[in-house]
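Structural characterization, general
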Amino acid sequence: MKKIWSLLILMLCVFHASSQDQYTLWLRYTPVKDPALLASYRRSITAVAVTGSSPTMEVVRKELGNGLNGLLETPIPFNGNASLMVGTIPSFPALRDRSKELGTEGFLILSTVMNGRKVTVITANTDKGVLYGVFHFLRLIQTAQSIGDLNIVSVPRVKLRLLDHWDNLNRYVERGYAGISLWNWHTLPDYLDSRYTDYARYNASVGINGAVLNNVNANAVILTPAYLQKVAALANVFRPYGIKVYLSARFSAPMEIGGLHTADPLNDSVRQWWQGKAKEIYALIPDFGGFLVKANSEGQPGPQSYGRTHADGANMLADAVAPYGGIVMWRAFVYDPKASDRFKQAYDEFQPLDGKFRENVMVQVKNGPIDFQPREPFSPLLGAMPHTPLMLEFQLTQEYLGQGTHLVYLAPLFKEVLNADTYAQGKNSTVARTIDGSLNNHALSGIAAVANIGNERNWTGHTFGQANWYAIGRLSWDNSLSSEQIAEEWIRQTFGNSPLLVSSIKRMMLASHEAVVNYMTPLGLHHIMGNGHHYGPAPWGNDLPRADWNPVYYHRADTNGIGFDRTVTGTNALLQYRPEVRKQFLEDEKYLLWFRHVSWGQRLRSGRTVWEELCYKYNEGVDTVRAMQSTWEQLKGLIDEERFQQVRMLLAIQAKEATWWRNACLLYFQTYSRLPFPANYEKPDHSLDEYKQLSFPYAPGN
Ligand code: GCV
């Protein structure tokens with residue numbers, strides 16, 4: 001009987017431990033398995049000394065305590081005889097010279113000799129820098145690296161590294177697939193859920209230093225006194241972790257909550273209202289980051305309603321927050337049914353405003369010209385506003401990339417954009433250099449990513465969604481890291497250091513972005529998904545009142561061919577890029593249908609015709625997902641059963657949906673190409689009509 005009880009208790013512990021595991025993301029701090037490594041770590045870290053007493057240094061102490069005790073499976077004393085010494089530069093007079101290299105957030109991890117003893121020092125100019133250094137040090141141990149001889153200087157390339165939450169005040173998350181919003185506005189400010197602290201901690205561990213708490217489709221209520229108290233409570237929790245809060249501001253707030261009859265940015269009462277609001281916010285939150293604004297876009301109010309420009313609107317808000325060091329992030333995501341091509345609109349509206357924004361305004365540009373598609377050419381604005389600091393916006397939540405159920409590792413997408421050359425100032429004017437401010441000497445620089453986080457126990461719903469959160473933090477900090485390096489770091493910390501696990505999961509992750517491009521939108525197809533919820537394929541979609549909402553607007557398939565002619569014979573959107581870029585986009589078949597309408601019979605580099613290549617690519621996408629499934633199957637027993645089964649089921653959904661995408665799209669395009677499927681291709685399991693009949697009134701996130 002006693003045995004049965006012990007067994008039951010053990011089973012409960014195992015169950016509990018495994019469900020805890022997913023909550024703890026990449027900070028699992030499980031004991032180092034390799035005995036030789038463990039012994040060497042234990043020899044190097046016999047005791048720790050942390051100097052400093054701020055709330056951030058308390059976090060440092062706690063993190064080191066938990067981290068080292070967990071990893072080394074032994075309590076590490078915190079005392080003066082330390083072999084690991086942690087504190088800001090003034091604690092280490094001998095290292096004063098290194099201060100210049102580190103800026104306000106960078107850190108130094110150094111193996112050195114002090115007072116005749118071999119020690120490791122983690123230092124920085126600020127407490128926040130020390131915290132980043134500590135997380136890095138723990139990452140080295142978690143990923144089984146040697147810590148014997150370190151001289152690491154790491155400084156973030158980009159200053160503002162933000163998550164944008166599209167969270168509504170009723171906790172519904174627009175395009176959210178991981179539960180409801182983390183922010184429980186109803187119980188704030190009195191009840192501080194421990195998840196708020198954990199959220200800040202995980203962000204800090206990958207270098208994220210800001211969060212826009214509410215949806216860009218904003219509700220003015222967030223700016224009322226009661227809600228600002230709630231925002232301030234979150235800011236207090238986040239502060240020790242170096243995370244600032246920002247808010248999406250509704251442009252018409254002076255009317256909705258301020259009782260004014262206008263929101264005209266040049267109106268004195270409006271200007272005063274925003275100044276008063278800024279004063280009120282900064283009294284509560286002295287380090288408030290600033291405002292994010294979506295204006296004159298998808299029904300949101302904005303300065304154009306008063307005949308004013310985006311610059312007028314942004315500058316008015318910028319003036320209000322400037323006295324306190326705040327900034328305004330003004331989004332360039334605009335499109336209008338009157339435009340000849342949605343692709344061109346952001347450039348047409350914003351490029352002429354270059355140089356007209358205040359110094360504390362950043363224009364926030366989505367990575368592509370349309371809307372977070374599986375693959376987009378980089379937005380032409382990224383090479384066209386040298387006088388304005390541009391903030392790059394990515395999307396972690398997979399609105400167009402399989403939503404909550406597809407395993408898609410996004411670092412390759414981020415890297416493709418960051419590495420793209422705009423040629424704005426000759427060769428090597430990459431998007432990365434534009435965004436980190438080095439190309440045009442901007443003091444402000446930033447990357448924002450639409451969060452994929454909700455209140456699901458494992459934060460992101462899909463375990464592999466965690467990798468995208470991780471990746472955006474690491475890449476915003478250091479855009480020279482490769483997708484592969486980041487994947488490997490994440491896998492080792494999340495699943496362990498077993499070589500088979502690492503290599504197999506990495507293979508799956510690195511193949512996954514190209515796979516989703518292939519099974520959804522190969523060869524440059526874009527925006528052919530279901531209406532509204534954006535779930536599943538609907539290339540036939542043509543019944544919405546605005547042309548630029550309909551998939552047929554984007555693929556332009558007819559009996560002659562397929563693709564959107566954006567060359568000089570079409571909308572000439574290509575002209576928004578430098579000649580070198582134009583040439584590349586015309587040559588690179590990855591972007592073929594973004595820029596050209598080509599005949600079904602045209603031969604491509606592979607020797608296949610456009611129709612054959614489309615079939616080939618769709619099929620390749622499906623095959624890759626099936627290969628991911630069999631790789632995963634081989635990992636049974638090497639991963640805890642809970643995660644193994646979850647990912648297995650999700651991969652099955654992904655394989656089913658990839659097949660659905662392939663079949664529905666090819667059957668539809670075949671009505672124009674009038675060509676057969678290549679011999680021995682898997683036959684579609686439904687007719688085109690059956691696919692068209694599918695309806696998903698309750699698909700999430702809409
Ligand atoms: C927050 C797309 C999404 C919208 C989103 C919008 C934006 O259109 O479908 O949900 O709105 O982008 O980025 O503002």
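Residues numbered from 1 in each chain as written. Predicted model: local features only at pLDDT ≥ 70, side-chain atom pairs only at ≥ 80, totals over all residues. Heavy atoms only, no water.

**A word on the sheet that holds strand S5 (residues 151–154)**
Formally: For two strands to count as paired, DSSP must find a minimum of two bridges between them. Numbering goes from the N terminus for both helices and strands, where a helix is a DSSP run of H or I of at least four residues and a strand is a run of E of at least two. Helix axes use the C-alpha atoms of the stretch in contact, all axes being lines fitted to C-alpha atoms, and the angles between their N-to-C directions lie in the range 0 to 180 degrees. What makes two residues a contact is simply this: any of their non-hydrogen atoms within 4.5 Å.
Pairing in this open sheet of 5 strands is mixed, and the strands run S1-S2-S4-S3-S5 from one edge to the other. Only two strands of the sheet have a single neighbouring strand rather than two, namely strand S1 (48–50) and S5. Neighbour-to-neighbour, the strand axes of this sheet turn through a mean angle of 20°, independent of strand direction. In this sheet, strand S2 (residues 84–88) lies alongside S1 in parallel orientation, the contact comprising 3 bridges. Of the residues in S2, the one forming a bridge with Val 48 is Leu 84. Across the sheet, helix H4 (residues 127–142) touches S2, strand S3 (107–114), strand S4 (117–124) and S5, and the angle it forms with S4 is around 125°.

**Some remarks on the pattern of salt bridges**
Opposite charge on two side chains lets them pair, provided their charged atoms get close. Defined as follows: Salt bridges are defined as contacts in which a side-chain nitrogen from Lys or Arg sits within 4 Å of a carboxyl oxygen from Asp or Glu. Under the scheme applied here, a residue whose accessible area is under 20% of the maximum for its type counts as buried, over 50% as exposed, and between as partly exposed, the area being computed with a 1.4 Å probe on protein chains only.
Applying the stated criterion across every chain, the model contains 37 salt bridges. Glu 256 is the partner of Arg 250 in a salt bridge, and the nearest nitrogen-oxygen pair spans 2.9 Å. For Glu 256, a relative accessible area of 42% translates into the label partly exposed. Where Arg 648 meets Glu 633, a salt bridge forms, and the shortest distance between an N and an O atom there is 2.7 Å. Of the two residues, Arg 648 is situated in helix H20 (residues 641–673) and Glu 633 in helix H19 (residues 610–633); the sequence distance between them amounts to 15 residues. Put simply, Glu 484, Glu 488, Arg 492 and Lys 506 are held in one network by salt bridges that share partners.

**Some details on the pairing of strand S10 (residues 327–331)**
Convention followed: A right-handed crossover is one whose linking path, passing over the helix from the first strand to the second, runs clockwise when the strands point away from the viewer.
Within S10, 5 of the 5 residues are buried, leaving the element largely enclosed by the surrounding structure. Going residue by residue along S10, you find Ile 327, Met 329 and Arg 331 tucked away on one face and Val 328 and Trp 330 tucked away on the opposite face as well. Both strand S9 (residues 290–293) and S10 contribute to a ladder of 4 bridges, which runs parallel. Across the sheet, the residue bridging to Val 293 is Trp 330, located in S10. Once the chain exits S9 it traverses helix H9 (residues 310–321) before rejoining the sheet at S10, and the crossover so formed is right-handed. Here S10 runs beside strand S11 (residues 361–366); their pairing, made up of 4 bridges, is parallel. Each bridged residue has a counterpart across the sheet, and for Met 329 the counterpart in S11 is Met 362. One crossover worth recording links S10 to the parallel S11 by way of helix H10 (residues 342–350), and it is right-handed.

**Notes on the site of the ligand**
Here is the rule: Being near a molecule or strand, for a residue, means having at least one of its heavy atoms within 4 Å of it. What qualifies as a polar contact is a pair of N or O atoms within 3.5 Å, subject to a donor-acceptor requirement within protein and to the restriction that residues adjacent in sequence count only when both atoms come from side chains. All accessible-area figures derive from a Shrake-Rupley calculation using a 1.4 Å probe, and residue coverage is judged against the displayed protein chains alone. Amino acid classes used here: Ala, Val, Leu, Ile, Met, Phe, Trp, Tyr, Cys and Pro are nonpolar; Asp, Glu, Lys and Arg are charged; the rest, including Gly, are polar.
The ligand sits among 15 residues. The nearest are Glu 174, Lys 294, Arg 331, Lys 366 and Glu 399. Take Glu 174: an N or O atom from its side chain is 2.5 Å from an oxygen atom of the ligand. Between Arg 331 and the ligand, the recorded distance is 2.7 Å, taken from a side-chain N or O atom to an oxygen atom. If the ligand stood free it would expose 340 Å²; the protein chains cover 97% of that surface. Taken together, the residues of the shell around the ligand sort by class into 4 nonpolar, 3 polar and 8 charged.

**Looking at H9**
Helical geometry: 3.6 residues make up each α-helical turn, so side chains three or four residues apart lie on a common side. To be explicit about the condition: Helix span is expected to be 1.5 Å times the residue number reduced by one.
Between the first and last C-alpha of H9 there are 17 Å, a value that for 12 residues agrees with the 16 Å anticipated at 1.5 Å per step. Burial within H9 is extensive, with 10 of its 12 residues counted as buried. Within H9, burial applies to His 310, Ala 311, Gly 313, Ala 314, Asn 315, Met 316, Leu 317, Ala 318, Ala 320 and Val 321. Where the residues of H9 are buried, they touch helix H8 (268–284), S9, S10, H10 and S11.

**As for the UniProt feature "domain: Glycosyl hydrolase family 67 catalytic" (unreviewed entry) in the chain**
This is how the line gets drawn: UniProt positions are given in the numbering used here, feature names are shortened, and annotations may be inferred rather than shown by experiment.
Mapped onto the present numbering, the UniProt feature "domain: Glycosyl hydrolase family 67 catalytic" (unreviewed entry) falls on residues 141–459. For residues 141–459, the end-to-end C-alpha separation is 24 Å, with 26% helix and 13% strand making up the annotated structure.

**Description of the nonpolar core**
The tendency in soluble globular proteins is for nonpolar side chains to be buried as a group. The condition is simple: For the purposes of this section, nonpolar cores are sets of buried Ala, Val, Leu, Ile, Met, Phe, Trp, Tyr and Cys residues that join through side-chain atoms within 4.5 Å.
Membership of the largest hydrophobic core comes to 224 residues, with the highest contact counts inside it found for Phe 238, Trp 274, Phe 291, Trp 632 and Phe 669. Looking at which element gives the most residues to this core, the answer is H20, with 13 residues. Apart from the residues within four sequence positions on either side, Phe 291 is in contact with Leu 223, Leu 247, Ala 249, Trp 274, Ile 281, Leu 317, Val 321, Ile 327, Val 328 and Met 329.

**Some thoughts on the sheet that holds strand S12 (residues 390–395)**
Here we have 8 strands rolled up into a closed barrel, ordered S6-S7-S8-S9-S10-S11-S12-S13, and parallel in their pairing. Sheet twist, expressed as the mean angle between neighbouring strand axes with direction ignored, is 25°. Of the pairings in the sheet, the one linking strand S6 (residues 160–164) to strand S13 (residues 446–450) comprises 5 bridges and is parallel in character. When the sheet's bridge partners are listed, Leu 160 is paired in S13 with Gly 446.

**A word on the packing of helix H14 (residues 483–495) against helix H15 (residues 499–520)**
A packed helix pair is summarised by two numbers, namely the angle formed by the two axes and the spacing between the axes. Heads up, the rule is: What sets the label is the angle itself: under 35 degrees gives roughly parallel, over 145 gives roughly antiparallel, 65 to 115 gives roughly perpendicular, and the rest give oblique. Each crossing gets its hand from how the near helix is turned against the far one by less than a right angle, where anticlockwise is left-handed and clockwise is right-handed.
At a closest axis distance of 9 Å, the pairing of H14 and H15 adopts a crossing angle of 130°. When the axis of H14 is compared with that of H15, the two are oblique. Crossing angle aside, the handedness with which H14 passes H15 is right-handed. Listed contacts from H15 to Ser 483, Glu 484, Ala 487, Glu 488, Trp 490, Ile 491, Arg 492 and Phe 495 of H14 are Leu 501, Val 502, Ile 505, Lys 506, Met 509 and Leu 510. Split into classes, the residues belonging to the contact of H14 with H15 amount to 9 nonpolar, 1 polar and 4 charged.

**Topic: the packing of aromatic side chains**
Counted only if it meets this: Between 30 and 60 degrees the pair is tilted, below 30 it is stacked and above 60 it is edge-to-face, where a pair is any two Phe, Tyr or Trp rings, Trp via its six-membered ring, whose centres lie within 6.5 Å.
A complete count under the given rule lists 48 aromatic pairs for this structure. Their ring planes at 70° and their centres at 5.2 Å tell us that Trp 26 and Tyr 470 sit as a pair that is edge-to-face. Taken as a pair, Trp 26 in the loop between helix H1 (2–23) and helix H2 (35–44) and Tyr 470 in helix H13 (residues 465–477) lie far apart in primary sequence, 444 residues in all. Each member of the pair, Trp 26 as well as Tyr 470, is classed as buried. Note on Phe 378 and Phe 585: the rings are 5.8 Å apart at their centroids and 50° apart in plane angle, and the pair reads as tilted.

**Describing H4**
Between its first and last C-alpha atoms H4 spans 23 Å; for 16 residues at 1.5 Å apiece the expected length is 22 Å, and the two agree. Extensive coverage of H4 is indicated by the burial of 14 of its 16 residues. Ala 144 occupies a position one or two residues after H4 and carries a positive phi of about 65°.

**Observations regarding the environment of Ala 49**
With respect to the element layout, Ala 49 can be found in strand S1. Taking the C-alpha atoms as reference, Ala 49 lies 9.7 Å from Val 121; in sequence the two are 72 residues apart. Not counting chain neighbours up to four residues away, the residues in contact with Ala 49 comprise Asn 79, Ala 82, Leu 84, Met 85 and Val 86.

**A short note on the side chain of Ser 252**
In this structure, Ser 252 sits in the loop between strand S8 (244–248) and helix H7 (253–256). We classify Ser 252 as buried; its relative accessible area is 6%. Dropping the residues within four chain positions of it, Ser 252 is found in contact with Ala 263 and Pro 301.

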